[in-house]
Amino acid sequence: MTVVDWDDSFSVGNAEIDADHQRIIALLNELHDACAAAAPQAIVLRLFATLDDAIGAHFRREEEILAENGYAEVEAQRVEHRLLRDSFATLRQHLPASDRPAAAERVRDFLLGWFMSHVLDEDMQFRSVFRPGIATS
Ligand SMILES: [Fe+2]
């Protein structure tokens, strides 16, 4: 079962960034399935680590591509990226022992909410860099 599906309207017009976003969607769907199946904590924690790696790699790539393309707001992106990774790290560290399934679901919901705003709001701001003539949303 998927909690979010890739849609062409998510495309920012750069193949590498779109591929990263698709990879993160696949991992979020895996996390959703793990939560729905009340998977063992070790599996959920491994998925969190995989997601953190994928998100970190994505942010580095996105910042590099934006800097190469002269995007003026790259520093603001860096700040947003750092804040997200800090929040995710804090959530992961505070998974309460007595409330693991619900805590895992809260982390899933946090990541889902972040991802949708990251792609549909923040990243759409630089779509015009790759697709001249297309208005940002
Ligand atoms: Fe992104």
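Located above this text is the structure these notes cover.
A brief report on the enclosed structure follows. As a convention, each chain's residues are numbered from 1 in the sequence order in which they are written. Confidence filtering applies because this is a predicted model: local features only for residues at pLDDT of at least 70, side-chain atom pairs given and counted only at 80 or more, and all residues used for totals across whole chains, interfaces and linings. The basis for every side-chain value is the complete set of heavy atoms in the structure, and neither hydrogens nor water enter the calculation.

A short note on the pattern of salt bridges
(1) Moving on: Salt bridge, as used here, is a side-chain nitrogen of Lys or Arg placed within 4 Å of a carboxyl oxygen of Asp or Glu. Applying the stated criterion across every chain yields a total of six salt bridges.
(2) Moving on: We note a salt bridge from aspartate 20 to arginine 61, for which the minimum N-O separation is 2.9 Å. Of this pair, aspartate 20 sits in helix H1 (residues 15-36) while arginine 61 sits in helix H2 (residues 41-68), and the two are 41 residues apart along the sequence.
(3) Moving on: Overall, aspartate 20 belongs to the buried group, its relative accessible area being 11%.
(4) Moving on: Across the pair aspartate 52 and arginine 92 runs a salt bridge, and its minimum N-O distance is 3.4 Å. Of the two residues, aspartate 52 sits in helix H2 while arginine 92 sits in helix H3 (residues 74-93), which places them 40 residues apart along the sequence.
(5) Moving on: Taking the relative accessible area as the measure of exposure, arginine 92 reaches 29% and is therefore partly exposed.
(6) Moving on: Put simply, Asp52, Arg85 and Arg92 are held in one network by salt bridges that share partners. Elements are defined by DSSP. Helices are runs of H or I of four residues or more, strands are runs of E of two residues or more, and each kind is numbered from the N terminus. When a residue's accessible area, from a 1.4 Å probe over protein chains only, is under 20% of the maximum for its type it is buried; when over 50% it is exposed; and in between it is partly exposed.

Interpretation note: all reported values are geometric properties and have no functional meaning in isolation.
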